[in-house]
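# A structural walkthrough
Next come the chains, spelled out residue by residue.
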Amino acid sequence: MIGNYVVISVFTSTKSLRTPSNMFVVNLAFSDFLMNFTNGPAMVISCYRETWTFGPLACQLYAFAGSLFGCVSIWTMTMIAFDRYNVIVKGLSGKPLTNSGAVLRIALIWLFGVFWAVAPMLGWNRYVPEGNMTACGTDYLSHEWGSRSYILVYALFVYWTPLLTIVYSYFFILQAVSAHEKNMRDQAKKMNVASLRSAENQNQSAECKLAKVALMTISLWFMAWTPYLIINYTGVLTKSKIT
């Protein structure tokens, strides 16, 4: 919570950091902050008491918040990856990201997240205590088609689609960076100089560093959530007892 608060504070108070691309960074920090704020304390208290102790309404709100902010975070990271792709791979031929464009994308991300978070409250699946009963989430143990279909479709749009989009973006980012560096080395060798880096190339290097940071953040997100996806798939696709 402290780390995300610092990111929000620094990026919003520093004029030079108020760029369209950094709006995604602020949105990611804001979403992660709310995830920790709404889910963290309740989880810790429930673990201490060894069961969910806040009642059914709080269970619904807890799971709603977890689903909403998780969806917003992953799609924000997807937009960050696609923005890096647009800057590094397409370069001058790509359409520059504007403030209004960034705001529109962020608004759509939140609406998308609200849709998936509200659906279980309206009857498409449901929110129940899960695991060791110290948290709440979607019902992945029910074998009713309605419940199973939600898990499968949710995973498609909130896990697999972002993942494949990110993999696509970073594949071509790495390809473009590799080709650029090779051309630079070849030109430097022909001119008998150590380096051809100019201010423009330094900017290119800075963009690549941003891409590396984004890639690390995204990798950690997927490492954190993939085990949960496996548990959900085990619940809806098999009749095995999950312990």
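Notes on the structure in this doc start here. It should be emphasised that the depicted structure is a prediction, and the values quoted were computed from it without experimental measurement.

The next subject is the nonpolar core. Ile74 and Phe222 are the most contacted members of the largest nonpolar core, which has 53 residues in total. Put simply, the parts of the chain that give this core at least two residues each are α2 (20-49), α3 (55-90), α4 (99-118), β2 (135-138), α5 (145-190) and α6 (199-237). The leading source of residues in this core is α3, at 16 residues. If near-sequence neighbours (up to four positions away) are discounted, Phe222 is found in contact with Ile74, Tyr159, Pro162, Leu163 and Ile166.

Our next topic: the packing of aromatic side chains. Throughout the structure, instances matching the rule amount to 23 aromatic pairs. On the numbers, 6.2 Å between centres and 55° between planes, the contact of Phe30 with Trp110 is tilted. With Phe30 in helix α2 and Trp110 in helix α4, the pair connects residues that are 80 residues apart, well separated along the chain. Pairwise contacts between aromatic rings join Trp75, Phe112, Phe115, Trp116, Trp124, Tyr150, Tyr154 and Phe157 into one cluster.

Taken as a whole, this structure holds 2 salt bridges when the rule is applied. Two residues, Arg84 and Asp83, come together in a salt bridge whose shortest N-O distance is 2.8 Å. The class of Arg84 is buried, set by a relative accessible area of 6%. Taking the relative accessible area as the measure of exposure, Asp83 reaches 7% and is therefore buried. Between Arg126 and Asp139 there is a salt bridge whose closest N-O contact spans 2.9 Å. With a gap of 13 residues between them, Arg126 in the loop between α4 and β1 (127-130) and Asp139 in the loop between β2 and α5 connect regions that are remote in the sequence. Residue Arg126 is classed as partly exposed on the basis of its relative accessible area of 48%.

Turning our attention to the state of the cysteines. Inspection of the entire model under this criterion finds 1 disulfide. One disulfide in the model links Cys59 with Cys136; its S-S distance is 2.1 Å. Taking the sign of the S-S torsion, -120° for the link of Cys59 and Cys136, the bridge is left-handed. Here Cys136 lies in strand β2 and Cys59 lies in helix α3, a separation of 77 residues in the sequence. Judged on exposure class, the residue Cys59 and its partner Cys136 are both buried.

Quick look at the pairing of β2 now. Inspection of the sheet shows β1 paired to β2 by 4 bridges, in the antiparallel sense. Across the sheet, Glu130 pairs through a bridge with Ala135, a residue of β2. Counting the residues in the hairpin turn of β1 and β2 gives 4 residues, including Gly131, whose phi is positive at 60°.

A cluster of nonpolar residues, Ile2, Tyr5, Val6 and Val10, forms a patch on the protein surface that exposes about 410 Å² of accessible area. With respect to the helices and strands, Tyr5 occurs in helix α1 (residues 2-13).

Attention now moves to the packing of α3 against α4. One can describe the packing of α3 onto α4 by two numbers: an axis separation of 8 Å at closest approach and a directional angle of 145°. When the axes of α3 and α4 are compared, the crossing they make is right-handed. In contact with Phe64, Ser67, Leu68, Phe69, Cys71, Val72, Trp75, Thr76 and Met79 of α3, α4 contributes Arg105, Ile109, Trp110, Phe112, Gly113, Val114, Trp116, Ala117 and Val118. Residue composition of the contact of α3 with α4, by class: 14 nonpolar, 3 polar and 1 charged.

The subject of this paragraph is α4. Over its 20 residues, α4 runs 29 Å from end to end, which matches the ideal 28 Å to within 8%, given 1.5 Å per residue. Listed as buried for α4 are Gly101, Ala102, Ile106, Ile109, Trp110, Gly113, Trp116 and Ala117.

Rules behind the numbers
Residues numbered from 1 in each chain as written. Predicted model: local features only at pLDDT ≥ 70, side-chain atom pairs only at ≥ 80, totals over all residues. Heavy atoms only, no water. Core = buried A, V, L, I, M, F, W, Y, C linked by side-chain atoms within 4.5 Å. Buried < 20%, exposed > 50% of the residue type's maximum accessible area, 1.4 Å probe, protein only. Helix = DSSP H or I, 4+ residues; strand = E, 2+ residues; numbered from the N terminus. Contact = heavy atoms within 4.5 Å. Phe/Tyr/Trp six-rings, centres within 6.5 Å; stacked < 30°, edge-to-face > 60°. Salt bridge = Lys/Arg side-chain N within 4 Å of Asp/Glu carboxyl O. Disulfide = S-S within 2.5 Å. Pairing = 2+ DSSP bridges. Patch = residues over 30% accessible without salt bridge, like charges linked within 9 Å, V, L, I, M, F, W, Y side chains within 5 Å. Areas by Shrake-Rupley, 256 points an atom, 1.4 Å probe, with all protein chains shown as cover. Axes fitted to C-alpha atoms, helices over the stretch in contact; angles between N-to-C directions. Left-handed = near helix turned anticlockwise from the far one by under 90°. Nonpolar A, V, L, I, M, F, W, Y, C, P; charged D, E, K, R; others polar. Expected span 1.5 Å × (residues − 1).

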